[in-house]
Each structure stands twice: as structure tokens, then as C-alpha cells.
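One letter stands for each residue in the lines below.
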Amino acid sequence: MSVPRRVLLAPVLLLAGCTGPVAVPATGPATTQTTVPAAGPSVPPACAERVETGRLPDWADAGFTGDTRVRHVFGAGGEIVAILFAYPLVHDRGDGANNKILWVARPEPGRSEPAPRTPLVITATRDGTGAPVVREVEGGPGPSIVDLPAAGCWRLRLDWSGRTDTMDLVYRPASG
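Quantities reported herein were computed from a predicted structural model and do not represent experimental measurements.

A. Region of interest: the sheet that holds strand 8 (residues 133-137). Sheet architecture is open: five strands sit in the order 5-11-10-7-8, paired in mixed fashion. Edge strands, defined here as strands with exactly one partner in the open sheet, are strand 5 (89-90) and strand 8. Bridging between strand 7 (residues 120-126) and strand 8 involves five bridges; their strand directions are antiparallel. Residue pairing across strands places Ile122 opposite Arg135, the latter belonging to strand 8.

B. Region of the structure containing the side chain of Arg155. Secondary-structure assignment places Arg155 in strand 10 (residues 152-160). Among the polar contacts made by the side chain of Arg155, one reaches the side chain of Asp168 at a distance of 2.8 Å.

C. Main features of the confidence of the model for the protein. Model confidence for the protein is summarised by a mean pLDDT of 76, while 72% of its residues fall at 70 or above. Note on residues 1-44: pLDDT under 50 across the span, and 85 contacts to partners over four residues away in sequence or across chains.

D. Focus on unusual backbone geometry. In this structure, the amide linkage connecting Tyr87 to the following residue, Pro88, adopts the cis form with an omega of 0°. Checked against the element boundaries, Pro88 lands in the loop between strand 4 (80-84) and strand 5. Of note, Ser161 is a non-glycine position whose phi angle comes to about 40°, a positive value.

About the criteria used
- Residues numbered from 1 in each chain as written.
- Predicted model: local features only at pLDDT ≥ 70, side-chain atom pairs only at ≥ 80, totals over all residues.
- Heavy atoms only, no water.
- Pairing = 2+ DSSP bridges.
- Helix = DSSP H or I, 4+ residues; strand = E, 2+ residues; numbered from the N terminus.
- Polar contact = N/O pair within 3.5 Å; in protein donor to acceptor, adjacent residues only side chain to side chain.
- pLDDT = per-residue confidence, 0-100.
- Contact = heavy atoms within 4.5 Å.

What follows is the structure, encoded as C-alpha cells:
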């Protein structure tokens, strides 16, 4: 499957402190924490969040009206997009707000009926660590609150309905 052109042309923001290979672990139950061996050469060497603010693609803008310019991050394979209703994402928010993310999966080509819906399993590994945390979005891609246990650059492996994609998201420390 080809990656949408907009992903290839997106500006890349490399963040200080977000370097080194990170393992992409297998999925597990919603609250499992597991140690994972070092990553192989197919994993990018640096964690980089690629937030875009342009229009959402047609396949991801259902339910939006007017101009659909909202912060979003495409999966590396172009199979899913994270629409960030909270930005920046913040670890340990103390302001009563939350880290709301709407996950929208690209429709599968050639499929006449929707795939069976399974939970979206998010396996997140903070850059420079080997201990992943797992979150689940019941019913598959859709609205979610995704809080992670520490500030930093997180590599996410996203698994749903027999499909997989990856992306990097940065959670900033709470200010104050």
C-alpha cells in the first residue's frame, strides 16, 4: 500500500532527547507492561512526531463540516490518522483537560463490507526505554482518551481488525 503523498512531504520535527532505536513490541492485554528486546534495523533511528494542520483526507473527514483543518498525525503506513483534539498532548494533566484523540482508519480497498471490529490496541514504547505500555480503544478506531505514564517521545504500534500501523507522538510535561 502506498503512503499518501502528504505524508512524504510533511515537515519533520526532530526533538532533542528523542533519539535511539525503539522496539515495536507485540500486542497484549490493556494494562500489560512487558520488557522488549532491542529493536532491529527496520525501526527508524529517531522518534519524530509529524503533526500536520492541513485538510484531512476525504476518508478521514466523516462527521466534520466546513474546513476540516485540524491537527493530525498519519500512521507511517498511511493506514490510520490520529486527530488531536488536545494539543499538545500532556503527561499528568492537572488542568482537568484530557488527551482526546480520534483514530480514523483508512477504508480497506476492495472490501465490500466493513471488517469485523476489534479493539484498537495501542502498544506504546517511550523512546530510549524497552518497557511498553498497552492501551485499548474498545470497538476499534474511534474517539479515545490516551494518557501515557511519562512525558517524552512515544512510538506507538497500532493494531486493529487484522491491520497494523505505527506513529510517534510526544507527550509534554505538565507546565507549572
